[in-house]
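Below, each chain spelled out in residue letters.
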Amino acid sequence: MKYALYSLVLILSLVVVNSAFSQVPVKGGTLTVCQPAEPPGLDPTTHTAAAIDRVVYANIYEGLVKVDSGGGFLPGLANGWNISADGLVYTFNLRKGVVFHNGETFDAAVAKWNLERAAQPENGNPHPEYFNGIESMATPDTHTLVIRLKDVDALFIAHMAEGDAVMQPIKGSGNAKSNPIGTGPFKFVKWVKGDRVEMDRFDGYWNPFLPYLDRVVFRFISDPAAQIAALKAGDIDVIGYIAAPESAMMLEKDPRFKVFAGTTTGEVIMSTNNQAAPFDNRLVRQAMAHAIDRQAVVDLVMFGYGTPIGSHWSPSTPYYEDLTARFPYDPDKARTLLKEAGYPNGFKATIKLPAIYSYSRRAGEVIADMLAKVGIDLTIEIVEWGQWIDRIFKKKEYQLTMIGHVEAWDIGIYAKPDYYFQYDSQTFREAYANALAAPDEAGKAKWFGRCQEIIADDAVNGFLFSAPSLPVMKADVMGWWENYPTIALDCTAVWWKQ
């Protein structure tokens, strides 16, 4: 099995995708992008927050592999790669002449150091399991990296294209949380806490055709109404994701702006603590699954944008199975299951909703009303984002919450009993291991499908809908991605129409 992708492919693809009809990309200008959540740091290799990747991935930092706007894998800092017939050895051919923003050289030794560092738990990578499968690495020359895996890993290339695997300079990695240094098209300038991150064009970028913009500013505005007001006032140029989807319909009618309604890898779920009573009871979780009308949630919360799901998998991702029929909306069935579980009169519980995301608050309110109809009385508690990360994600101090999981191919989190769901299933772990070791597409489809079925049947979480991408921008902004196949607001090939 051999895969070889070369830099010319990347250059041409990035130019062609942005040259609509006869329009030719123009260099210059500043782009101000709004996103609701301010990142807790700027190092994607030490924190799981998606807000970090949205700012720095593909803009400041790059990995060996890059995700394109259609979800395919293209060369990043590697010109291409070969995979041995047994699927265990990956040979990456690295680009020559690549330098970091601080002047350090990128080569095979640096790549090896980054991947070794990522596998060591003490360094804080949120997904060391992506790298623990590496048995050995060799650098036969300065621009060749040979990686041997312990076992076949069907997602190895996918993981090499995520923020966890970006490359940092050996000498300049110590302050990455506040002073990120990468090889990307833009270099970090400053972070004004509570307001914005600024970055400028990197003149030493390995691709001489990119970027088009001189400067990119990421503004952090959590209030949806304030985002729209800033866009209309001209204070920002792009809202990376409209938190209030009702605004999308309004802005679509305004000729000053354009709105995309694409797909994402995100799943919005009612996260459930599987070790907290009464949610440690499978029947209770299944009862809630029958009590939730997913399409109504999409209609009421997202104004029709989004696709109902029955498991932790996006329809935009390969091997998707539509499992929404496993738990159709059926309040009577929900009441029957609650009675079997020992709760004939229902029970009381608390759902903690992150204040920063309006969709979470709205979905929590809609679902609280639905669950009340079968006897489950939810108290809603609004928590600030920092508290959500600390109390819920880290300390697991919750019963129910509401959040979007946006990482691609992230169903493996259900194989981790200490993850904040606290779901412990040997059956799932075995199925996931088989999926990772699948030798061909048929095997991957079979076992990734089985993974989806197991967590759907166990009703591990309240699987609600696949989140749409809803970016809105000034009409003259060109080259913005319509779909979000990875966690990134990639400004590499964005340009201003003159």
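Since the structure is predicted, the reported quantities are computational estimates derived from the model, not experimental observations.

Participant: Please clarify how the pattern of salt bridges should be interpreted in this entry.
Facilitator: Note that side chains of opposite charge can pair when their charged atoms are close. Per the stated rule, a full pass over the model turns up 21 salt bridges. The partner of K66 in a salt bridge is D490, and the shortest N-O contact between them spans 2.7 Å. Of this pair, K66 sits in strand β3 (residues 65–67) while D490 sits in the loop between β22 (477–478) and β23 (495–496), placing them 424 residues apart in sequence. Since its relative accessible area comes to 12%, K66 is described here as buried. One salt bridge in this structure joins K373 and D369, with 3.9 Å as the shortest N-O distance. The class for D369 is partly exposed, based on a relative accessible area of 46%. Taken together, the shared-partner salt bridges in this structure form one network comprising D195, R196, E198, D200, R215 and R219.

Participant: Got a minute to help me understand the packing of helix α9 (residues 294–302) against helix α11 (residues 358–372) in this structure?
Facilitator: Any two packed helices are characterised by how steeply their axes cross, that is the angle between the axes, and by the distance between the axes. It is the contact of α9 with α11, at a shortest axis distance of 9 Å, that shows an interaxial angle of 135 degrees. What the angle tells us is that α9 and α11 run oblique. Every pair of crossing elements has a handedness; the one defined by α9 and α11 is right-handed. Contacts from A296, V297, L300, V301 and M302 in α9 reach Y359, R362, A363, V366, I367 and M370 in α11. Of the residues contributing to the contact of α9 with α11, the split by class is 10 nonpolar, no polar and one charged.

Participant: Please clarify how helix α14 (residues 441–457) should be interpreted in this entry.
Facilitator: Owing to its 3.6 residues per turn, the α-helix brings residues three or four apart onto one side. Helix length check: α14 (17 residues) gives 24 Å between terminal C-alpha atoms against 24 Å at 1.5 Å per residue, within 8%. Residues of α14 that are buried include every one of G443, K444, F448, G449, C451, Q452, E453, I454, I455 and A456, and no others. Contact partners of the buried residues in α14: α13 (426–436) and β20 (462–469). The backbone nitrogen of A442 has a side-chain oxygen 3.4 Å away, supplied by the residue at the start of α14, namely D440. Where α14 terminates, the next one or two residues include A459, which has phi positive at roughly 45 degrees.

Participant: How should I be thinking about the packing of aromatic side chains in this particular structure?
Facilitator: Between two aromatic rings, the relevant description is the distance of the centres plus the angle of the planes. Taken as a whole, this structure holds 30 aromatic pairs when the rule is applied. Residues F279 and F347 carry aromatic rings whose centres are separated by 5.7 Å and whose planes lie at 75 degrees to one another, so their mutual orientation is edge-to-face. Taken as a pair, F279 in the loop between β14 (262–270) and α8 (282–291) and F347 in strand β16 (residues 347–354) lie far apart in primary sequence, 68 residues in all. As far as burial versus exposure is concerned, F279 and F347 are alike and both buried. Note on W388 and Y420: the rings are 5.8 Å apart at their centroids and 70 degrees apart in plane angle, and the pair reads as edge-to-face. In this pair, W388 is assigned in helix α12 (residues 385–394) and Y420 in the loop between β19 (403–405) and α13, connecting sequence segments 32 residues apart. You'll find W388 and Y420 in the same group, each marked buried.

Participant: Even after reading the chapter, I still don't get the nonpolar core, so can you show me in this structure?
Facilitator: The nonpolar side chains of a soluble globular protein tend to be buried, and buried together. Counting 90 residues, the largest nonpolar core has Y414, F421, F428 and Y432 as the members making the most contacts within it. Top element by residues in this core is α11. It accounts for seven residues. Excluding residues that lie within four positions of it along the chain, F428 makes contacts with I411, Y414, A415, Y423, C451, I454 and I455. Within the second largest apolar cluster, 76 residues are counted, among which are L42, F218, W481 and W496.

What counts and how
Residues numbered from 1 in each chain as written. Predicted model: local features only at pLDDT ≥ 70, side-chain atom pairs only at ≥ 80, totals over all residues. Heavy atoms only, no water. Salt bridge = Lys/Arg side-chain N within 4 Å of Asp/Glu carboxyl O. Helix = DSSP H or I, 4+ residues; strand = E, 2+ residues; numbered from the N terminus. Buried < 20%, exposed > 50% of the residue type's maximum accessible area, 1.4 Å probe, protein only. Axes fitted to C-alpha atoms, helices over the stretch in contact; angles between N-to-C directions. Parallel < 35°, antiparallel > 145°, perpendicular 65-115°, else oblique. Left-handed = near helix turned anticlockwise from the far one by under 90°. Contact = heavy atoms within 4.5 Å. Nonpolar A, V, L, I, M, F, W, Y, C, P; charged D, E, K, R; others polar. Expected span 1.5 Å × (residues − 1). Polar contact = N/O pair within 3.5 Å; in protein donor to acceptor, adjacent residues only side chain to side chain. Phe/Tyr/Trp six-rings, centres within 6.5 Å; stacked < 30°, edge-to-face > 60°. Core = buried A, V, L, I, M, F, W, Y, C linked by side-chain atoms within 4.5 Å.

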